[in-house]
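Survey of secondary and tertiary structure
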Amino acid sequence: MGGEWGRQNNGKIILNSAVIFGLVLTILGARHALSDTIPISEKNLGTWSLTAYRHESTQAFSHCSLLSHYKSGTTIIFGFSPYGSWRIGWSNSTWSFSDKQRLKVTLGIDGVPPQPRSGIAKGRDIFFVELPVNSDFVRQLTASKTIVLELDGQRFVFNSGTLENALPAGFSCVAQYQQATAGLSNTPDASKPDVQKSNTNG
């Protein structure tokens, strides 16, 4: 099974834009609700797709996302916030979690021993794991060829593809668009309801 889970769709993101948008907002959480794509920010970086988002109400920078879809139906999403935190998330329509369910997962990258992590489900078929903010881990993940996920006794191996170029671009995306929208508030308008534009949990 691991081999199939590791095949990518040649860098082609086959999900429609509304589904992709919903996945990204679900991974990043309510803080980034009511966001839309920053024009001309979308880039294809080999097997990964990079996009920057802004708050609808203030036009200030919201977050960046890095996404890759695999032939198995699994999507991996990295989310980068302007607050210095970042996450990795997985989505697959065959999974069935309870919302906010805590998951014991193991995350490994080649050349580095697997480490236990705490995951949390955001709806039926998607969960995320907070990633450590340290240069050693970032460097190791950037140089990796595979990402290994162990979940519920199953081991899934994903080809990292062109992550060596895409991951640095994800961090640079935050700096670029945060600077470009400097002076604008990155706090959503409190008068508007904190809801997402797309709901992919139904």
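Residues numbered from 1 in each chain as written. Predicted model: local features only at pLDDT ≥ 70, side-chain atom pairs only at ≥ 80, totals over all residues. Heavy atoms only, no water.

A short note on the overall build of the protein chain
Put simply, the test is: Counting from the N terminus, the helices are DSSP H or I runs at least four residues long and the strands are E runs at least two residues long. Accessibility here uses a 1.4 Å probe with only protein chains present; expressed as a share of the type maximum, an area under 20% marks a residue as buried, one over 50% as exposed, and anything in between as partly exposed. Here, two residues are considered to be in contact whenever any of their heavy atoms come within 4.5 Å of each other. With residues, only the protein chains shown are counted as cover, and all accessible areas are computed by Shrake-Rupley using a 1.4 Å probe.
When helices and strands are counted, the protein chain shows four helices and 11 strands. Put simply, the protein chain has 202 residues, and 49% of those count as buried. Taking all contacts inside the protein chain whose residues are at least 6 apart in sequence as the whole, residues at least 24 apart take part in 59%. Looking at the protein chain as shown, the accessible area adds up to about 9,600 Å², and 50% of this sits on carbon and sulfur atoms.

Considering unusual backbone geometry
Although it is not a glycine, lysine 100 sits at a positive phi angle of roughly 70 degrees. Locating lysine 100 in the fold gives a position in the loop between β6 (86–91) and β7 (102–109). Within the chain, aspartate 152 stands out as a residue other than glycine whose phi angle is a positive 50 degrees. Its location among the elements puts aspartate 152 in the loop between β10 (146–151) and β11 (154–159). A residue is classified by how much of its surface remains accessible, and aspartate 152, at 62% relative accessible area, is exposed.

Points about the pairing of β6
Condition: Two strands qualify as a pair provided that DSSP identifies no fewer than 2 bridges between them.
In terms of burial, β6 is a largely internal element, six of the six residues being buried. Bridge count between strand β5 (residues 75–80) and β6: six bridges; the pairing is antiparallel. Within the sheet, the bridge partner assigned to isoleucine 76 lies in β6 and is tryptophan 90. Linking β5 to β6, which pair antiparallel, is a turn of five residues; within it glycine 84 sits at a positive phi near 95 degrees. Inspection of the sheet shows β6 paired to strand β9 (residues 126–130) by five bridges, in the antiparallel sense. Bridge pairing in β9 places isoleucine 88 opposite valine 129.

Some words on helix α4 (residues 163–180)
Using the following cut-off: Working rule for helices: expected span equals 1.5 Å times residues minus one. The angle separating two fitted axes, one through the seven residues that finish at a residue and one through the seven that start at it, defines the bend at that residue.
Compared with the 26 Å implied by 1.5 Å per residue over 18 residues, the 25 Å span of α4 between its first and last C-alpha is a close match. The sharpest bend along α4 reaches about 25 degrees and sits at serine 172. Those residues of α4 that fall on the buried side of the exposure criterion are Leu163, Ala166, Leu167, Ala169, Gly170, Cys173, Val174 and Tyr177.

Here we look at the state of the cysteines
Definition in use: By definition, disulfides here are pairs of cysteine sulfur atoms that lie within 2.5 Å.
Under the counting rule described, the total for this entry stands at one disulfide. Across the disulfide, cysteine 64 is cross-linked to cysteine 173 (sulfur-sulfur distance 1.9 Å). With the S-S bond torsion at -80 degrees, the cross-link from cysteine 64 to cysteine 173 turns out left-handed. Here cysteine 64 is found in strand β4 (residues 61–69), whereas its partner cysteine 173 is found in helix α4, with 109 residues between them in sequence. Classification of cysteine 64 as buried rests on a relative accessible area of 0%. Given the relative accessible area of 3%, cysteine 173 is considered buried.

Overview of the confidence of the model for the protein chain
Reading predicted coordinates in detail is not appropriate for stretches of low pLDDT. The following threshold applies: Residue-level confidence of the predictor, termed pLDDT, takes values from 0 up to 100.
A residue-level look at the protein chain finds 71% of positions with pLDDT of 70 or above and a mean pLDDT of 76. A low-confidence stretch, residues 1–22 (pLDDT under 50), is modelled with 54 contacts involving residues beyond four sequence positions or located in other chains. Note that pLDDT drops below 50 for residues 186–202; the model gives that stretch 37 contacts with residues more than four away or on any other chain.

Quick look at the pairing of β10
Sheet faces and side chains relate simply in a regular strand, where the side chains alternate between the two faces. Sheet topology places β7 next to β10; five bridges connect them, and they run antiparallel. Its bridge partner being in β10, glycine 108 is matched across the sheet by valine 148. Pairing between β10 and β11: six bridges, direction antiparallel. Residue pairing across strands places threonine 146 opposite asparagine 159, the latter belonging to β11. As consecutive antiparallel partners, β10 and β11 are separated by two residues, and within that stretch aspartate 152 has a phi angle of approximately 50 degrees, a positive value.

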